[in-house]
Amino acid sequence: MDVTASTWGVALVGLGLISLLSVAQLIAVIRPRAQWTIENVYGGSPDNTDPAAYFAFNQAMAWADPFLWAPLQIAGSIGMLLGERWGFLLALMASVPYWYTAVFLYVWDRDLASRRNTVGYWVAWAIWPAFGIVEGVYCFVRLVE
């Protein structure tokens, strides 16, 4: 498959986003109850809900993101850059958690009162599902052409 400028863009943004997320989530795996982790990775506060549920929800994502989702995105991006069909297929698969988990986090933030009505919050939140949709559509179109 041809490697276009769009392919480079999607692959590199995917690598950048998943790297950022993986570093944050690895910190959460290593220091799951640290105040920095709560403020900068999880958001909200365990005091706003059942602390056991709060940490279980966030720790599940902390383990899943770098060990399940990241390898899929990384392999997909590398495969795309190599012009391999399997790379586009893996990247298509990796696009799903970007927008799928946005639904959970949208409700989670709303119900735990950690959502902020600031432009920065909404831009940072919207990057993930927006990229997932762009990556998914791009890879799907490339695979069916």
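The structure under discussion appears in the preceding block.
What this report covers is the structure whose coordinates are included nearby. (Residues numbered from 1 in each chain as written. Predicted model: local features only at pLDDT ≥ 70, side-chain atom pairs only at ≥ 80, totals over all residues. Heavy atoms only, no water.)

### Let's talk about the packing of aromatic side chains
Under the defined criterion, the tally for this structure stands at eight aromatic pairs. With a centroid separation of 5.9 Å and 80° between ring planes, the pair formed by Tyr-42 and Tyr-54 is classed as edge-to-face. One end of the pair, Tyr-42, is in helix α2 (residues 35–42); the other, Tyr-54, is in helix α3 (residues 51–81), with 12 residues separating them in the sequence. For the residue pair Tyr-42 and Tyr-54, the accessibility class agrees, reading buried in each case. Within the aromatic cluster, the residues linked to one another by ring pairs are Trp-69, Tyr-98, Trp-128 and Phe-131. (Phe/Tyr/Trp six-rings, centres within 6.5 Å; stacked < 30°, edge-to-face > 60°. Helix = DSSP H or I, 4+ residues; strand = E, 2+ residues; numbered from the N terminus. Buried < 20%, exposed > 50% of the residue type's maximum accessible area, 1.4 Å probe, protein only.)

### Topic: the nonpolar core
Formed by 16 residues in total, the largest nonpolar core has its most connected members in Ile-18, Trp-69, Met-80, Phe-88, Tyr-98, Tyr-138 and Cys-139. Where this core is concerned, the elements lending two or more residues are α1 (5–30), α3, α4 (85–111) and α5 (119–144). Per-element tally for this core: the top contributor is α1, with five residues. When sequence neighbours within four positions are dropped, the list of residues in contact with Met-80 reads Val-3, Thr-7, Val-10, Ala-11, Gly-87, Phe-88, Ala-91, Tyr-138 and Cys-139. In terms of nonpolar packing, the next biggest core, distinct from the first, is built from eight residues, Val-29, Tyr-54, Phe-55 and Ala-62 among them. (Core = buried A, V, L, I, M, F, W, Y, C linked by side-chain atoms within 4.5 Å. Contact = heavy atoms within 4.5 Å.)

### Quick look at α1
Here α1 contains 26 residues, and its C-alpha end-to-end distance of 37 Å stays within 8% of the 38 Å for a straight helix at 1.5 Å per residue. Looking only at α1, the buried set comprises Thr-7, Val-10, Ala-11, Gly-14, Leu-17, Ile-18, Leu-21, Ser-22, Gln-25, Ala-28 and Val-29. Among the residues of α1, the N-terminal cap falls to Thr-4, whose side-chain oxygen and the backbone nitrogen of Ser-6 are separated by 3.3 Å. (Expected span 1.5 Å × (residues − 1). Polar contact = N/O pair within 3.5 Å; in protein donor to acceptor, adjacent residues only side chain to side chain.)

Read these as spatial facts, not as claims about activity.
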